[in-house]
Amino acid sequence: MPSLENKRIILGVTGSIAAIKAPAVARELVRAGASVTCVATDGALQFTTAEELSEASGQPVIISIFSGQEHHPPAPSSSQRRGSDVWHVHLARSADAMLIAPCSASAIGMLRTGIYDNAVTLVAASLPKGTPLVIVPAMDEDMWLQAAVQENLAWLKRHGVFVIEPVVGKLASGLTGMGRMPEPEDIVEKFARIVAPASSPVSGSANGEPAGTPALQGKRILITGGPTYEPIDAVRFIGNRSSGKMAAALAIESKHMGADVTLILGPTTPFPLLEKEGVSLRTVGTAEEMLQAVNAETATADIIIMSAAVADFAPEHASEGKMKKGAGETMTLTLKKTPDILAEISKSKRPDQIIVGFALEKGDEAEDYARKKLLEKNLDMIVMNNIADEGAGFGYDTNKITIFTKSGERIALPLMSKEQCAKEILNRITILP
Ligand code: CTP
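Residues numbered from 1 in each chain as written. Predicted model: local features only at pLDDT ≥ 70, side-chain atom pairs only at ≥ 80, totals over all residues. Heavy atoms only, no water.

Trainee: Can you help me understand the pairing of strand 17 (residues 354–361) in this one?
Mentor: Successive residues of a regular strand alternate their side chains across the two faces of the sheet. The buried count for strand 17 comes to seven of eight residues, which makes it a mostly enclosed element. For the segment spanning strand 17, helix 13 (residues 366–376) and strand 18 (residues 381–386), crossover handedness is right-handed. (Buried < 20%, exposed > 50% of the residue type's maximum accessible area, 1.4 Å probe, protein only. Helix = DSSP H or I, 4+ residues; strand = E, 2+ residues; numbered from the N terminus. Right-handed = clockwise from strand over helix to strand, strands pointing away.)

Trainee: Got a minute to help me understand the packing of helix 9 (residues 245–256) against helix 14 (residues 418–430) in this structure?
Mentor: Each pair of packed helices can be described by the angle between their axes along with the distance between the axes. Between helix 9 and helix 14, the shortest axis-to-axis distance is 8 Å and the interhelical angle comes to 55 degrees. Classed by the angle they form, the pair helix 9 and helix 14 counts as oblique. Helix 9 and helix 14 meet at a crossing whose hand is right-handed. The segment helix 9 lies against helix 14, with Lys 245, Met 246, Ala 249, Leu 250, Glu 253 and Ser 254 engaging Lys 418, Glu 419, Cys 421, Ala 422, Lys 423, Ile 425 and Leu 426. In terms of residue class, the contact of helix 9 with helix 14 is made up of seven nonpolar, one polar and five charged. (Axes fitted to C-alpha atoms, helices over the stretch in contact; angles between N-to-C directions. Parallel < 35°, antiparallel > 145°, perpendicular 65-115°, else oblique. Left-handed = near helix turned anticlockwise from the far one by under 90°. Contact = heavy atoms within 4.5 Å. Nonpolar A, V, L, I, M, F, W, Y, C, P; charged D, E, K, R; others polar.)

Trainee: Could you clarify how one ought to interpret the packing of helix 1 (residues 22–31) against helix 2 (residues 50–57) in this entry?
Mentor: The contact between helix 1 and helix 2 brings their axes to 8 Å, and the two run at 15 degrees. Accordingly, the angle class assigned to the pair helix 1 and helix 2 is roughly parallel. Considering how the two elements wind past one another, helix 1 and helix 2 form a crossing that is right-handed. In this structure, helix 1 contributes Ala 22, Pro 23, Ala 26, Arg 27 and Val 30 to the contact, and helix 2 contributes Glu 52, Leu 53, Ala 56 and Ser 57.

Trainee: Can you walk me through the domain arrangement of the chain in this structure?
Mentor: Often the size quoted for an interface is simply the accessible area lost on bringing the parts together. Assigned domains of the chain: these are domain 1 (8–195) and domain 2 (220–315 + 335–430). A separation of 36 Å is found between the C-alpha centroids of domain 1 and domain 2. On the side of domain 2, eight residues touch domain 1, which itself brings eight residues to the contact. Here domain 1 meets domain 2 over a buried area of about 640 Å², counting both sides, of which 47% is carbon and sulfur. By the criterion of area lost to domain 2, the three top residues of domain 1 are Lys 157, Arg 158 and Arg 193, representing 68% of everything that side buries. Applying the counting rule to domain 1 against domain 2 returns two residue pairs in polar contact (both at pLDDT 80 or more). Contributions of two or more residues to the side of domain 1 that touches domain 2 are made by helix 7 (147–158) and strand 6 (162–163). Here the side of domain 1 that touches domain 2 is built from residues that sort into four nonpolar, one polar and three charged. (Domains from an automatic or database assignment. Buried area = accessible area lost by both parts, 1.4 Å probe. Polar contact = N/O pair within 3.5 Å; in protein donor to acceptor, adjacent residues only side chain to side chain.)

Trainee: Looking at this structure, how should I read the site of the ligand?
Mentor: Neighbouring the ligand are 15 residues; Met 306, Ala 308, Leu 342, Lys 373 and Lys 377 lie closest to it. Take Ala 308: an N or O atom from its main chain is 2.7 Å from an oxygen atom of the ligand. One of the side-chain nitrogen or oxygen atoms of Lys 373 is found 2.8 Å away from an oxygen atom of the ligand. About the coverage of the ligand: the protein hides 76% of its 570 Å² of free accessible area. (Near = heavy atom within 4 Å. Areas by Shrake-Rupley, 256 points an atom, 1.4 Å probe, with all protein chains shown as cover.)

Trainee: Help me out: how do you make sense of the pattern of salt bridges in this one?
Mentor: Pairs can form between side chains of opposite charge once their charged atoms are near each other. Counted according to the given criterion, the structure contains 20 salt bridges. For Asp 397, the salt bridge identified is with Lys 245, shortest N-O distance 2.8 Å. With Asp 397 in the loop between strand 18 and strand 19 (398–399) and Lys 245 in helix 9, this residue pair connects regions lying 152 residues apart in the sequence. Judged by its relative accessible area of 52%, Asp 397 falls in the exposed class. A relative accessible area of 28% places Lys 245 in the partly exposed class. The closest approach of N and O atoms between Asp 340 and Lys 377, which form a salt bridge, is 2.8 Å. Residue Asp 340 is located in the loop between strand 16 (335–337) and helix 12 (341–347), and its partner Lys 377 is located in the loop between helix 13 and strand 18; the two are separated by 37 residues in the primary sequence. One continuous salt-bridge network, built from bridges that share partners, spans Arg 220, Asp 260, Arg 282 and Glu 297. (Salt bridge = Lys/Arg side-chain N within 4 Å of Asp/Glu carboxyl O.)

Trainee: What should I look at first to understand the environment of Thr 334 in this one?
Mentor: Among the secondary structure elements, Thr 334 is positioned in the loop between strand 15 (313–315) and strand 16. Classification of Thr 334 as partly exposed rests on a relative accessible area of 47%. On a C-alpha basis, the gap between Thr 334 and Cys 421 in space is 38 Å, while along the polypeptide they are 87 residues apart. Setting aside residues up to four positions removed in sequence, Thr 334 forms contacts with Ala 314, Pro 315 and Glu 316.

Trainee: Help me understand the sheet that holds strand 3 (residues 61–62), please; the structure alone is not making it clear to me.
Mentor: Within a sheet, adjacent strands bond to each other through the backbone by hydrogen bonds, running parallel or antiparallel. Taken in spatial order, the six strands of this open sheet run 3-2-1-4-5-6, and their pairing is parallel. In this open sheet, the two edge strands, each paired with only one partner strand, are strand 3 and strand 6. Of the pairings in the sheet, the one linking strand 1 (residues 8–13) to strand 4 (residues 97–103) comprises four bridges and is parallel in character. Residue pairing in the sheet places Leu 11 in a bridge with Leu 99 of strand 4. Along the sheet, helix 3 (residues 87–94) contacts strand 1, strand 2 (35–40) and strand 3; its crossing angle with strand 1, the most-contacted strand, is approximately 125 degrees. (Pairing = 2+ DSSP bridges.)

Written out as C-alpha coordinates, the structure is:
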(Lines give C-alpha, C1' and ligand atoms only; values in the text may rest on other atoms or scores of the structure.)
Protein backbone atom coordinates (compact mmCIF):
# COMPACT_ATOMS: atom_id res chain seq x y z
CA MET A 1 0.00 0.00 0.00
CA PRO A 2 1.34 3.48 -0.79
CA SER A 3 2.27 5.37 2.36
CA LEU A 4 0.12 8.24 3.63
CA GLU A 5 3.09 9.64 5.55
CA ASN A 6 2.76 13.41 6.03
CA LYS A 7 -0.65 13.50 4.33
CA ARG A 8 -3.34 15.61 5.98
CA ILE A 9 -6.60 13.78 5.61
CA ILE A 10 -10.13 14.84 6.51
CA LEU A 11 -12.33 11.89 7.43
CA GLY A 12 -16.02 12.76 7.02
CA VAL A 13 -18.48 10.49 8.79
CA THR A 14 -22.20 10.56 7.91
CA GLY A 15 -25.35 8.92 9.22
CA SER A 16 -25.16 5.35 8.06
CA ILE A 17 -25.03 2.48 10.54
CA ALA A 18 -21.61 1.68 9.09
CA ALA A 19 -20.42 4.77 11.02
CA ILE A 20 -19.68 2.33 13.84
CA LYS A 21 -16.63 1.35 11.73
CA ALA A 22 -15.50 4.97 11.24
CA PRO A 23 -13.14 4.99 14.28
CA ALA A 24 -11.45 1.89 12.78
CA VAL A 25 -11.09 3.76 9.45
CA ALA A 26 -9.50 6.69 11.33
CA ARG A 27 -7.12 4.29 13.09
CA GLU A 28 -6.10 2.69 9.77
CA LEU A 29 -5.43 6.12 8.26
CA VAL A 30 -3.24 7.04 11.23
CA ARG A 31 -1.47 3.68 10.97
CA ALA A 32 -0.71 4.48 7.31
CA GLY A 33 1.02 7.67 8.46
CA ALA A 34 -1.73 10.26 7.93
CA SER A 35 -2.68 13.16 10.16
CA VAL A 36 -6.45 12.79 10.46
CA THR A 37 -9.16 15.33 11.28
CA CYS A 38 -12.61 13.79 11.72
CA VAL A 39 -15.76 15.69 10.83
CA ALA A 40 -19.08 14.08 11.77
CA THR A 41 -22.74 14.83 11.09
CA ASP A 42 -25.47 14.59 13.75
CA GLY A 43 -26.62 11.41 12.04
CA ALA A 44 -23.16 9.87 12.32
CA LEU A 45 -23.15 10.51 16.06
CA GLN A 46 -26.19 8.24 16.42
CA PHE A 47 -23.87 5.34 15.59
CA THR A 48 -20.46 6.43 16.85
CA THR A 49 -19.28 9.10 19.28
CA ALA A 50 -17.02 12.12 19.03
CA GLU A 51 -14.96 10.57 21.87
CA GLU A 52 -14.31 7.41 19.85
CA LEU A 53 -13.39 9.37 16.72
CA SER A 54 -11.18 11.71 18.71
CA GLU A 55 -9.41 8.82 20.40
CA ALA A 56 -8.86 7.03 17.08
CA SER A 57 -7.57 10.08 15.22
CA GLY A 58 -5.74 11.67 18.12
CA GLN A 59 -7.35 14.99 17.22
CA PRO A 60 -10.48 16.96 18.15
CA VAL A 61 -13.56 16.18 16.11
CA ILE A 62 -15.70 18.73 14.29
CA ILE A 63 -19.38 18.07 14.89
CA SER A 64 -21.13 21.28 13.84
CA ILE A 65 -20.87 23.88 11.13
CA PHE A 66 -21.03 26.76 13.59
CA SER A 67 -17.75 28.12 14.85
CA GLY A 68 -17.42 27.72 18.58
CA GLN A 69 -19.68 24.68 18.61
CA GLU A 70 -17.86 22.58 16.16
CA HIS A 71 -15.21 20.98 18.26
CA HIS A 72 -15.29 18.16 20.62
CA PRO A 73 -13.07 18.91 23.61
CA PRO A 74 -10.17 19.17 24.09
CA ALA A 75 -10.24 22.41 22.14
CA PRO A 76 -8.06 22.37 19.03
CA SER A 77 -4.78 24.17 19.18
CA SER A 78 -4.81 25.01 15.53
CA SER A 79 -6.26 28.39 14.70
CA GLN A 80 -7.32 27.08 11.31
CA ARG A 81 -10.25 25.35 12.91
CA ARG A 82 -11.49 27.68 15.60
CA GLY A 83 -12.65 31.17 16.14
CA SER A 84 -13.40 31.64 12.49
CA ASP A 85 -16.63 31.61 10.55
CA VAL A 86 -14.76 30.20 7.58
CA TRP A 87 -13.02 27.39 9.45
CA HIS A 88 -14.25 24.97 6.78
CA VAL A 89 -12.34 26.86 4.08
CA HIS A 90 -9.11 26.78 6.09
CA LEU A 91 -9.54 23.12 6.97
CA ALA A 92 -10.35 22.14 3.38
CA ARG A 93 -7.44 24.14 1.98
CA SER A 94 -4.98 22.56 4.39
CA ALA A 95 -5.96 19.00 3.43
CA ASP A 96 -4.33 16.67 0.91
CA ALA A 97 -7.56 14.72 0.47
CA MET A 98 -10.95 14.00 2.04
CA LEU A 99 -12.47 10.60 2.63
CA ILE A 100 -16.17 10.25 3.51
CA ALA A 101 -16.68 6.81 5.06
CA PRO A 102 -19.45 5.92 5.36
CA CYS A 103 -21.25 8.18 2.92
CA SER A 104 -25.01 7.81 3.39
CA ALA A 105 -27.54 7.95 0.56
CA SER A 106 -28.63 11.39 1.81
CA ALA A 107 -25.08 12.71 1.91
CA ILE A 108 -24.58 11.49 -1.68
CA GLY A 109 -27.74 13.39 -2.68
CA MET A 110 -26.58 16.51 -0.85
CA LEU A 111 -23.15 16.46 -2.52
CA ARG A 112 -24.81 16.09 -5.89
CA THR A 113 -27.35 18.87 -5.39
CA GLY A 114 -25.13 21.28 -3.52
CA ILE A 115 -26.74 21.17 -0.08
CA TYR A 116 -24.04 22.05 2.37
CA ASP A 117 -25.83 22.46 5.68
CA ASN A 118 -23.89 19.88 7.67
CA ALA A 119 -20.21 19.92 8.61
CA VAL A 120 -19.24 17.05 6.28
CA THR A 121 -20.80 18.31 3.04
CA LEU A 122 -19.72 21.86 3.90
CA VAL A 123 -16.06 20.83 4.15
CA ALA A 124 -16.36 18.67 1.00
CA ALA A 125 -17.76 21.67 -0.88
CA SER A 126 -14.83 23.80 0.29
CA LEU A 127 -12.11 21.51 -1.10
CA PRO A 128 -10.03 23.37 -3.67
CA LYS A 129 -10.09 22.02 -7.23
CA GLY A 130 -7.62 19.17 -7.50
CA THR A 131 -7.92 17.98 -3.88
CA PRO A 132 -9.33 14.45 -4.16
CA LEU A 133 -12.72 13.70 -2.59
CA VAL A 134 -13.24 9.97 -2.08
CA ILE A 135 -16.59 8.62 -0.87
CA VAL A 136 -17.52 5.19 0.40
CA PRO A 137 -21.28 4.67 0.05
CA ALA A 138 -22.85 2.34 2.64
CA MET A 139 -26.55 1.57 2.91
CA ASP A 140 -29.14 -1.15 2.64
CA GLU A 141 -29.42 -2.89 -0.74
CA ASP A 142 -32.84 -1.46 -1.62
CA MET A 143 -31.57 2.06 -0.94
CA TRP A 144 -28.43 1.33 -2.96
CA LEU A 145 -30.57 0.27 -5.91
CA GLN A 146 -32.68 3.45 -5.87
CA ALA A 147 -32.47 5.23 -9.21
CA ALA A 148 -31.80 8.52 -7.40
CA VAL A 149 -28.79 7.09 -5.55
CA GLN A 150 -27.34 5.51 -8.70
CA GLU A 151 -27.89 8.65 -10.77
CA ASN A 152 -26.39 10.86 -8.08
CA LEU A 153 -23.33 8.62 -7.88
CA ALA A 154 -22.90 8.57 -11.65
CA TRP A 155 -23.10 12.38 -11.67
CA LEU A 156 -20.55 12.69 -8.86
CA LYS A 157 -18.17 10.31 -10.67
CA ARG A 158 -18.50 12.33 -13.85
CA HIS A 159 -17.52 15.40 -11.84
CA GLY A 160 -14.34 13.87 -10.47
CA VAL A 161 -15.46 12.36 -7.15
CA PHE A 162 -13.81 9.00 -6.49
CA VAL A 163 -16.11 6.24 -5.31
CA ILE A 164 -14.93 3.18 -3.42
CA GLU A 165 -17.79 0.82 -4.18
CA PRO A 166 -19.66 -1.05 -1.44
CA VAL A 167 -19.48 -4.84 -1.33
CA VAL A 168 -21.97 -7.67 -0.96
CA GLY A 169 -22.31 -8.83 2.63
CA LYS A 170 -24.37 -8.79 5.77
CA LEU A 171 -26.30 -5.53 6.10
CA ALA A 172 -27.69 -3.68 9.08
CA SER A 173 -31.17 -4.97 8.23
CA GLY A 174 -29.95 -8.49 8.85
CA LEU A 175 -30.30 -9.24 5.14
CA THR A 176 -27.37 -10.12 2.94
CA GLY A 177 -26.91 -7.97 -0.13
CA MET A 178 -25.09 -5.14 -1.87
CA GLY A 179 -24.37 -1.97 0.08
CA ARG A 180 -22.05 -3.09 2.86
CA MET A 181 -19.11 -0.81 3.57
CA PRO A 182 -15.79 -2.57 2.81
CA GLU A 183 -13.48 -3.35 5.74
CA PRO A 184 -11.46 -0.34 7.02
CA GLU A 185 -8.12 -1.81 5.83
CA ASP A 186 -9.52 -2.27 2.32
CA ILE A 187 -10.91 1.27 2.28
CA VAL A 188 -7.61 2.79 3.37
CA GLU A 189 -5.66 0.65 0.91
CA LYS A 190 -7.77 1.91 -2.01
CA PHE A 191 -7.83 5.46 -0.67
CA ALA A 192 -4.02 5.50 -0.40
CA ARG A 193 -3.72 4.42 -4.04
CA ILE A 194 -5.82 7.40 -5.06
CA VAL A 195 -4.12 9.94 -2.83
CA ALA A 196 -0.47 8.85 -2.87
CA PRO A 197 1.38 8.32 -6.14
CA ALA A 198 1.62 4.55 -6.34
CA SER A 199 4.97 4.67 -8.07
CA SER A 200 6.64 6.70 -5.37
CA PRO A 201 9.64 4.85 -3.97
CA VAL A 202 8.81 2.41 -1.21
CA SER A 203 10.02 3.97 2.00
CA GLY A 204 11.08 2.11 5.12
CA SER A 205 9.07 2.39 8.30
CA ALA A 206 10.46 3.14 11.73
CA ASN A 207 10.92 -0.55 12.57
CA GLY A 208 12.76 -1.22 9.32
CA GLU A 209 9.83 -3.07 7.72
CA PRO A 210 8.92 -1.98 4.19
CA ALA A 211 6.00 0.48 4.30
CA GLY A 212 4.28 -1.11 1.32
CA THR A 213 4.62 -3.04 -1.91
CA PRO A 214 4.55 -1.36 -5.32
CA ALA A 215 0.98 -1.21 -6.62
CA LEU A 216 1.53 -3.40 -9.69
CA GLN A 217 3.81 -5.97 -8.08
CA GLY A 218 3.14 -9.40 -9.57
CA LYS A 219 1.07 -8.05 -12.50
CA ARG A 220 1.87 -8.76 -16.14
CA ILE A 221 1.18 -5.74 -18.32
CA LEU A 222 1.01 -5.74 -22.08
CA ILE A 223 1.26 -2.34 -23.77
CA THR A 224 1.10 -1.47 -27.47
CA GLY A 225 2.40 1.79 -28.86
CA GLY A 226 3.57 3.76 -31.86
CA PRO A 227 2.09 3.66 -35.35
CA THR A 228 1.81 0.78 -37.77
CA TYR A 229 3.18 1.02 -41.30
CA GLU A 230 1.15 -0.65 -44.01
CA PRO A 231 3.32 -1.22 -47.10
CA ILE A 232 2.31 0.12 -50.50
CA ASP A 233 5.49 -1.28 -52.02
CA ALA A 234 9.02 -2.02 -50.86
CA VAL A 235 9.74 1.63 -49.97
CA ARG A 236 6.37 3.34 -49.35
CA PHE A 237 3.79 2.86 -46.69
CA ILE A 238 0.58 4.20 -45.11
CA GLY A 239 1.30 5.31 -41.57
CA ASN A 240 0.71 8.10 -39.05
CA ARG A 241 2.69 10.48 -36.87
CA SER A 242 2.45 8.55 -33.60
CA SER A 243 5.79 8.75 -31.76
CA GLY A 244 5.26 5.94 -29.23
CA LYS A 245 6.25 8.33 -26.40
CA MET A 246 3.04 7.75 -24.43
CA ALA A 247 3.51 3.97 -24.65
CA ALA A 248 7.16 4.23 -23.60
CA ALA A 249 6.16 6.36 -20.59
CA LEU A 250 3.46 3.83 -19.66
CA ALA A 251 5.92 0.96 -19.93
CA ILE A 252 8.54 2.67 -17.76
CA GLU A 253 6.02 3.80 -15.12
CA SER A 254 4.50 0.29 -15.02
CA LYS A 255 7.98 -1.04 -14.38
CA HIS A 256 8.49 1.47 -11.54
CA MET A 257 5.21 0.26 -10.07
CA GLY A 258 6.51 -3.29 -9.93
CA ALA A 259 4.91 -4.84 -13.03
CA ASP A 260 6.39 -7.29 -15.49
CA VAL A 261 6.03 -5.32 -18.74
CA THR A 262 5.95 -6.27 -22.42
CA LEU A 263 5.78 -3.43 -24.94
CA ILE A 264 4.82 -4.12 -28.53
CA LEU A 265 6.00 -1.12 -30.47
CA GLY A 266 5.34 -0.08 -34.06
CA PRO A 267 8.02 1.59 -36.21
CA THR A 268 9.34 4.63 -34.35
CA THR A 269 12.57 6.06 -32.99
CA PRO A 270 14.20 3.79 -30.39
CA PHE A 271 13.82 4.44 -26.66
CA PRO A 272 17.12 3.25 -25.10
CA LEU A 273 15.65 3.71 -21.60
CA LEU A 274 13.19 0.86 -22.15
CA GLU A 275 15.83 -1.85 -22.07
CA LYS A 276 17.65 -0.20 -19.18
CA GLU A 277 14.40 -0.28 -17.19
CA GLY A 278 13.91 -3.97 -17.99
CA VAL A 279 10.92 -3.62 -20.31
CA SER A 280 10.60 -6.58 -22.65
CA LEU A 281 10.36 -5.01 -26.11
CA ARG A 282 8.95 -6.46 -29.32
CA THR A 283 8.97 -4.37 -32.46
CA VAL A 284 6.46 -4.88 -35.27
CA GLY A 285 5.66 -3.21 -38.59
CA THR A 286 2.09 -3.74 -39.69
CA ALA A 287 -1.29 -4.02 -37.92
CA GLU A 288 -1.34 -7.71 -38.82
CA GLU A 289 2.07 -8.23 -37.16
CA MET A 290 0.91 -6.27 -34.13
CA LEU A 291 -2.16 -8.50 -33.89
CA GLN A 292 0.00 -11.66 -33.99
CA ALA A 293 2.34 -10.27 -31.32
CA VAL A 294 -0.57 -9.20 -29.09
CA ASN A 295 -2.32 -12.56 -29.52
CA ALA A 296 0.82 -14.33 -28.33
CA GLU A 297 0.81 -12.32 -25.08
CA THR A 298 -2.85 -11.79 -24.11
CA ALA A 299 -3.41 -15.10 -22.35
CA THR A 300 -0.83 -14.32 -19.68
CA ALA A 301 -1.52 -10.57 -19.34
CA ASP A 302 -3.39 -9.16 -16.34
CA ILE A 303 -3.64 -5.68 -17.83
CA ILE A 304 -3.61 -4.73 -21.52
CA ILE A 305 -3.14 -1.11 -22.57
CA MET A 306 -3.62 -0.46 -26.27
CA SER A 307 -2.09 2.92 -26.91
CA ALA A 308 -0.91 2.13 -30.45
CA ALA A 309 -2.22 4.26 -33.31
CA VAL A 310 -3.00 1.31 -35.54
CA ALA A 311 -3.55 2.20 -39.22
CA ASP A 312 -7.21 1.51 -39.99
CA PHE A 313 -6.57 0.62 -43.64
CA ALA A 314 -3.81 -1.14 -45.53
CA PRO A 315 -3.24 -1.51 -49.29
CA GLU A 316 -5.04 -4.60 -50.47
CA HIS A 317 -1.88 -5.79 -52.23
CA ALA A 318 1.59 -4.45 -51.56
CA SER A 319 3.60 -4.23 -54.80
CA GLU A 320 6.93 -5.95 -54.97
CA GLY A 321 9.94 -3.71 -55.49
CA LYS A 322 9.35 0.00 -56.12
CA MET A 323 6.22 0.96 -58.06
CA LYS A 324 6.82 3.05 -61.15
CA LYS A 325 5.09 6.41 -61.42
CA GLY A 326 3.75 5.58 -64.89
CA ALA A 327 2.21 7.97 -67.40
CA GLY A 328 -1.19 8.62 -65.77
CA GLU A 329 -2.01 11.77 -63.74
CA THR A 330 -3.69 9.81 -60.98
CA MET A 331 -3.24 6.43 -59.42
CA THR A 332 -5.73 4.33 -57.51
CA LEU A 333 -4.85 2.32 -54.45
CA THR A 334 -7.37 -0.17 -53.12
CA LEU A 335 -7.34 -0.34 -49.33
CA LYS A 336 -8.68 -3.00 -47.01
CA LYS A 337 -9.53 -2.66 -43.34
CA THR A 338 -6.86 -3.82 -40.92
CA PRO A 339 -7.89 -6.06 -38.02
CA ASP A 340 -9.24 -4.12 -35.03
CA ILE A 341 -6.80 -5.61 -32.53
CA LEU A 342 -8.51 -4.16 -29.47
CA ALA A 343 -11.97 -5.34 -30.52
CA GLU A 344 -10.50 -8.81 -31.26
CA ILE A 345 -8.83 -9.31 -27.88
CA SER A 346 -11.83 -7.89 -26.00
CA LYS A 347 -13.97 -10.73 -27.35
CA SER A 348 -12.00 -13.25 -25.30
CA LYS A 349 -11.43 -10.97 -22.31
CA ARG A 350 -11.14 -12.84 -19.01
CA PRO A 351 -13.25 -11.48 -16.13
CA ASP A 352 -10.09 -10.78 -14.12
CA GLN A 353 -8.37 -9.02 -17.03
CA ILE A 354 -8.30 -5.23 -17.40
CA ILE A 355 -8.32 -3.79 -20.92
CA VAL A 356 -7.64 -0.12 -21.57
CA GLY A 357 -8.00 1.61 -24.93
CA PHE A 358 -6.98 5.01 -26.27
CA ALA A 359 -9.03 7.31 -28.45
CA LEU A 360 -7.74 10.26 -30.41
CA GLU A 361 -10.81 12.35 -31.23
CA LYS A 362 -11.77 15.79 -32.41
CA GLY A 363 -14.67 18.19 -32.24
CA ASP A 364 -17.61 18.65 -29.90
CA GLU A 365 -18.54 15.00 -30.06
CA ALA A 366 -15.09 13.78 -28.97
CA GLU A 367 -16.33 12.54 -25.58
CA ASP A 368 -19.34 10.78 -27.09
CA TYR A 369 -17.08 8.92 -29.53
CA ALA A 370 -14.71 7.91 -26.74
CA ARG A 371 -17.59 6.62 -24.56
CA LYS A 372 -18.94 4.70 -27.56
CA LYS A 373 -15.57 3.00 -28.10
CA LEU A 374 -15.42 2.15 -24.37
CA LEU A 375 -18.72 0.30 -24.70
CA GLU A 376 -18.34 -1.21 -28.16
CA LYS A 377 -14.83 -2.52 -27.52
CA ASN A 378 -15.86 -3.86 -24.07
CA LEU A 379 -13.16 -1.88 -22.25
CA ASP A 380 -12.63 -1.14 -18.57
CA MET A 381 -11.20 2.28 -19.32
CA ILE A 382 -10.54 4.55 -22.27
CA VAL A 383 -8.07 7.42 -22.40
CA MET A 384 -9.12 10.18 -24.76
CA ASN A 385 -7.16 13.06 -26.14
CA ASN A 386 -8.64 15.75 -28.30
CA ILE A 387 -6.70 16.55 -31.44
CA ALA A 388 -7.70 20.21 -31.01
CA ASP A 389 -5.83 20.56 -27.70
CA GLU A 390 -2.58 22.48 -27.98
CA GLY A 391 0.46 20.45 -26.87
CA ALA A 392 -1.44 17.16 -26.74
CA GLY A 393 -1.07 13.97 -28.72
CA PHE A 394 1.29 12.77 -31.45
CA GLY A 395 4.89 13.84 -31.19
CA TYR A 396 4.58 16.10 -28.13
CA ASP A 397 6.21 15.39 -24.77
CA THR A 398 2.99 16.53 -23.11
CA ASN A 399 -0.57 15.31 -23.29
CA LYS A 400 -4.03 16.41 -22.13
CA ILE A 401 -6.17 13.40 -21.40
CA THR A 402 -9.66 12.61 -20.19
CA ILE A 403 -10.20 9.19 -18.68
CA PHE A 404 -13.55 7.38 -18.84
CA THR A 405 -14.20 4.18 -16.92
CA LYS A 406 -16.77 1.45 -17.41
CA SER A 407 -18.38 2.40 -14.10
CA GLY A 408 -19.09 5.91 -15.39
CA GLU A 409 -16.20 8.00 -14.06
CA ARG A 410 -14.95 10.92 -16.12
CA ILE A 411 -11.62 12.36 -15.06
CA ALA A 412 -10.46 15.37 -17.07
CA LEU A 413 -6.79 16.10 -16.46
CA PRO A 414 -4.85 19.25 -17.32
CA LEU A 415 -1.95 19.40 -19.79
CA MET A 416 0.91 17.45 -18.25
CA SER A 417 4.01 15.50 -19.24
CA LYS A 418 3.47 12.06 -20.74
CA GLU A 419 5.22 10.59 -17.67
CA GLN A 420 2.65 12.26 -15.38
CA CYS A 421 -0.17 11.10 -17.65
CA ALA A 422 1.19 7.55 -17.45
CA LYS A 423 1.21 7.75 -13.63
CA GLU A 424 -2.37 9.02 -13.57
CA ILE A 425 -3.56 6.29 -15.94
CA LEU A 426 -1.82 3.53 -14.00
CA ASN A 427 -3.00 4.83 -10.63
CA ARG A 428 -6.56 4.83 -11.93
CA ILE A 429 -6.11 1.27 -13.21
CA THR A 430 -5.03 0.10 -9.75
CA ILE A 431 -8.28 1.37 -8.21
CA LEU A 432 -10.73 0.11 -10.83
CA PRO A 433 -13.59 -1.73 -9.11
N1 CTP B 1 -7.27 -0.01 -32.37
C2 CTP B 1 -6.86 -1.31 -32.63
N3 CTP B 1 -6.86 -1.78 -33.91
C4 CTP B 1 -7.25 -0.99 -34.94
C5 CTP B 1 -7.68 0.34 -34.68
C6 CTP B 1 -7.66 0.79 -33.39
O7 CTP B 1 -6.53 -2.03 -31.71
N8 CTP B 1 -7.22 -1.46 -36.18
C9 CTP B 1 -7.29 0.44 -30.96
C10 CTP B 1 -6.33 1.59 -30.68
O11 CTP B 1 -5.08 1.11 -30.23
C12 CTP B 1 -7.07 2.35 -29.58
C13 CTP B 1 -8.54 2.11 -29.87
O14 CTP B 1 -8.58 0.93 -30.70
O15 CTP B 1 -6.79 1.80 -28.29
C16 CTP B 1 -9.23 3.23 -30.57
O17 CTP B 1 -8.53 3.56 -31.72
P18 CTP B 1 -9.02 4.74 -32.67
O19 CTP B 1 -8.10 4.81 -33.84
O20 CTP B 1 -9.24 5.98 -31.84
O21 CTP B 1 -10.46 4.24 -33.08
P22 CTP B 1 -11.03 3.34 -34.19
O23 CTP B 1 -11.64 2.15 -33.54
O24 CTP B 1 -9.99 3.04 -35.24
O25 CTP B 1 -12.21 4.23 -34.79
P26 CTP B 1 -12.13 5.61 -35.65
O27 CTP B 1 -10.78 5.60 -36.37
O28 CTP B 1 -13.28 5.50 -36.57
O29 CTP B 1 -12.26 6.74 -34.67
